[in-house]
Structures are given as C-alpha cells and as structure tokens.
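Structure at a glance
Letter by letter, the chains look like this.
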Amino acid sequence: MASNLWSEDQFSCSVCLELLKDPVTTACGHSYCMGCIKNCWDQADHTGVYSCPQCRETFTPRPVLRRNTMLAEVVEKLKKTGLSPPPAQSYAGPGEVSCDFCTGRKFKAVKSCLTCLASYCETHVKPHYEGAAFKRHKLINAIGNLEQKLCAEHQKVLEGFCRTDQTCICWLCTEKEHKSHDTVSAETERSVKQRNLLQDKTEIRQRIQERLKETDELKQAVETLKRSACIEIKESEKIFTELIRSIEKIHTEVIELIGANEKAAVNQAEGRMKKLEQEIAELRRRNTELKQLSETEDHIHFLQNFQSLCAPPEAGDLPSVTVNTDISFGAVRKSVSELKDHIEDFCKGELVKITTTVNEVAVYSLQAPEPRNRAEFLKYSCQLTLDPNTAHRNLCLSEGNRKVTWRRETQRYPHHPERFDSYPQVLCREGLSGTRCYWEIEWRGGGASIGVTYKGISRKGGDRSCRLGYNDKSWSLDCSGSSYTARHNNNHTAITAPRSPRIGVYLDFNAGTLSFYGVSDTMTLLHRFQTTFTEPLYPGFVLHYSDSSVTICQLN
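Residues numbered from 1 in each chain as written. Predicted model: local features only at pLDDT ≥ 70, side-chain atom pairs only at ≥ 80, totals over all residues. Heavy atoms only, no water.

Another aspect to go through is the pairing of strand 18 (residues 491-495). Bridge count for strand 17 (residues 484-488) against strand 18 is five bridges, and the pairing is antiparallel. Bridge pairing in strand 18 places His488 opposite Asn491. Connecting strand 17 to the next strand, strand 18, in antiparallel fashion are two residues, including Asn489 with a positive phi near 55°. (Pairing = 2+ DSSP bridges. Helix = DSSP H or I, 4+ residues; strand = E, 2+ residues; numbered from the N terminus.)

Take the sheet that holds strand 10 (residues 183-185) next. A sheet is described by the order of its strands in space; here three strands give the open sequence 9-8-10, paired in antiparallel fashion. Across the chains shown, the open sheet's two edge strands, defined by having one partner strand only, are strand 9 (167-169) and strand 10. Adjacent strand axes in the sheet meet at a mean angle of 35° when their direction is disregarded. Both strand 8 (residues 160-162) and strand 10 contribute to a ladder of three bridges, which runs antiparallel. The residue of strand 10 that forms the bridge with Phe161 is Val184. (Axes fitted to C-alpha atoms, helices over the stretch in contact; angles between N-to-C directions.)

On to the environment of Pro369, then. Within the secondary structure, Pro369 is located in the loop between helix 8 (330-359) and helix 9 (374-377). On a C-alpha basis, the gap between Pro369 and Leu65 in space is 70 Å, while along the polypeptide they are 304 residues apart.

With that settled, consider the environment of Lys126. Its location among the elements puts Lys126 in helix 4 (residues 126-130). Under the relative-accessibility criterion, Lys126 is labelled partly exposed at 45%. In this structure the C-alpha to C-alpha distance between Lys126 and Ile552, which are 426 residues apart in sequence, comes to 81 Å. (Buried < 20%, exposed > 50% of the residue type's maximum accessible area, 1.4 Å probe, protein only.)

If you look at the biggest cluster of nonpolar residues, it comprises 40 residues, and the most contacted ones within it are Trp439, Leu477, Ile503, Leu514 and Phe541. A per-element tally of this core places strand 14 (residues 436-444) first, with four residues. Filtering out sequence-adjacent residues up to four positions away, Leu514 remains in contact with Val452, Trp475, Val505, Tyr506, Leu507, His527, Arg528, Phe529 and Phe533. By size, the runner-up hydrophobic cluster in this structure holds 17 residues, among which are Cys13, Leu19, Ala44 and Phe59. (Core = buried A, V, L, I, M, F, W, Y, C linked by side-chain atoms within 4.5 Å. Contact = heavy atoms within 4.5 Å.)

Here it is as structure tokens:
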C-alpha cells in the first residue's frame, strides 16, 4: 500500500519534486516543503498577492505557515521503510526521455536498448547488466523516438546503410529491396561520414576564425569611423561658424553702408534747406520793404529809397538743383536678394557634393562575387542597340541596328554633331552605370575594336584621340587575326590568346572593372581594366578593314 501511496505522488512537493521537508499545508489543501513555498511567496512580496503553485488560489494577506506535524511523521515513516526514491534518480522533466517501465510518475531514463526498443531508469536497467538473457542487447545513452530506429517495412532494427539510396536499412532489406545496392553496416558508414563531419567541422572552425577576424576588423573600422566623424563634425562646425561670421560681417557692413549713406544725404539736404530758409527770410524782408515803399505818400522818400530798394538782388551762391522725389534703396535690396539667391544656389550645389562624399563613407561594402561561368555572366546580360547618329558614313547598320559592317561606299547619313567623321566607329544608344552588365559580340573579317567610352569622346577631326582606347575617356580591346591588344589613354598591352570570334564584355561599374573574355566552351579572361568610372559608359566598336563586321549577340 505504501508503494501505491508513493506512486500516487501524495507525499512529494510539487515545487522541488522531492519528498516533503518540514511539510506545510495551505488553506486550499495542498502541501509543500516549508522552504519551497516560502521562497515562492517571498518573490510575490512586491505584489502583496500570494497564490498556491498548484491550484492558483490567491491569499491576502500572506498566510502564516505552520509545520504539518502529522504529515511530517508520515513522511519520516516512509523514509524509514525505504520507500523514498533513490537520491541519485530524478523525475523526467519536459523534453527528457522517461523510463518506459516506471508506473505513475516516471523517472528519467539513463539508457535505451536498441534490441528491446525501450528506455530504462537506473532501477529498471539493472537486469540488462545482471541477467544473462540481456547480454547481447545493445545499450546506448537514453534517446527518444525509438520507433524511428525500426525499419518501416520489416519492423526490424535499422543496422545497415544503403549508399545507393542514401537511407538506413535493416538486414532483411539487403536481401530484398536493396539486394543489388551498395550496402554497408551503419557503423562503417558512420565512420566514413564521421571523417566528412570532421572535415566540415574544420571548415566551420576556419569560417568562424574568418568571421571573428572580420568582426574585429569591423569593430576597429567602426571605432575609426566614430573618431573620424567626431573630428569632422567639430571641424565642420568650426568652418560653418566662420562662414556665419563672414555673412554676419557682410550683413553689418551693408547696414552700416546704408546708414552712412543715409546720414550723409540727410546732412547735405539739411544744410541746403538751411541756406534756402535764410534766402527765403531775406527775400521776404525785402518784399515787405518794397511794399511799404510802394504805399508811401511822400514822393521825396520814395525817390530817395527807390534806387537802393529796387536794385536787383545779389545772385545767391546756391546752384540750381533737381530734387529726386522718388528716393529708395530698392536697388540695394535687390542686390542683397541676388546675393542671398546666389549663396543659396551655391550651397545647394555644394551640399549635393558633400552628401555624395559623405555617403561614400562606409564601414564595409557588400560585393557579390564575380561570375565564375557563362551561366552566371548571363544573369547580368543587357540589351544593346547601335546608334545611327554616331555611325561613321562608311559603316552600314543592319539587323535592327545590332550589326555593323564596314563598306567602301558612303552611307547617306544626315549631318549630326555626334557622328564620327574620321574613324569607322559607332556607339550604342544605351549608357551603362551603377550596375553590372554583360554583353557578347561576334566579329568577322580582318579585325575590330570593342570597348566603352564616356559620351564626351571627340567625334570630329583626324586626331587619334578620337579613337576608342587612344584617350582617357575610353577603354578598348583590339581583335585581329591572331592577337589582341588592350588600350586606354594611348597605353597598350599585348595579349597572347587563341583566336575567339565571340567576345564577352563584363562591366562592374561600381567596382570599376571592365573585363573581356574569349567565349567558347569556357570563359577565357583576355584582359581586365581596373579603374574608377565617373560617368555613364557607352559600348562602342571600331572596324579595321573593309567588309569587317561586328554583331551584338542576342543572349535571351
């Protein structure tokens, strides 16, 4: 009966899963170790609400715990009768393998038998160590899902491996479904795959080291970036402070200039007004005297004073002036407004440059690896068409402006500023920038040059700087019967490689690479230019001899 009591789990604490120690019983009827329930409720002190860990009934205020003497005596008797669980064993928790032979609450399994397809705790595994009938059974550390170790077809233990089908099999499978296959024991295959696993682990460790190194480099780069940004912010603040002071100084000078001009003009006008007022007062005085003389009845007095009073007044020293009645500093305001607009436009343009420069600063750049085979190159294929407005008059375009042929007879192209007038060259319509592009061409005849150029390449005159590869605006690969020559800015590199009538051109604008490949069963790198591209690039071609041709291939 005691064993039945134990299996019903009536004397274990649901918190620590051990036999009760100093048992206490809550008002809801559940029992715990004194220390376990005390620790649980200590953690709830900040809320003031205490609950039973099993039924979640709450108590307020915190109940006073008292030892359950009768329950403690029962537990002590159970311990003395040897019915308590062995201290080395523990119950199986979530995700752990439980003993298949325990009843009631199950102990944690320590071994699994591949013969019995069952798992055992320390108690129930003992017969496998002591009984002669179990000597041939194979014990391993406890694992779950033992049914997966059985062959679904024959319900036998999986002990072999079919290399043909890459699947685990039982030995009956080797005599039936997998009879003619390459089969080995699971142990043999494990040893092979173990070596592969070790190799994988070595590669993983190497990658871990590489990633750790990259992480350290990134950390250092971030710190460097932070320091640099801090310095540049301070220096920029200093420069902008000086700029603001300069503008404030100009502001002060303009205000002072307007004020000084105003003061000088007012002083000048006020001085003239004072003289005018003095002259007016004198004229009014004389006018009064003349009036009095004209009204006198004393003929002798009139005649005696007439000469002096009627004499013409002395000419004043004030020059004649024209008064400006439309006085305004509007012209000054207009000049200041134009200065503001000029500064704002200049600042906007410079801000664009500054923004571009700042955006180029990065701790790292993500760069996809360069294609390794033609299939990968074709992912970047682009559509190109020849531009008739650039074609020299000895070049004939055909096949929807995808083929160009050198002809002796002149083509009737209209005049156009972008037309090449000396060298038999033609460019494509499309400008390429900011991305990866790939195209292929087929050349025929005595030879041709394949390349790219900025739009600003010279078009007129017989100077060789107008030709692809002979200036700093273009890059080219010359293809002749048995050799190649790479050209840029009139510098050339001779290349020895088998003749290839099909040439692949790969442009990675952002990485600054332009690569030429001979295309056959494989991709043969002929030459790679490494530079920094600053403008859109236009693919172009030069034909060397009469009846030579270049065709832009359709890649999709």
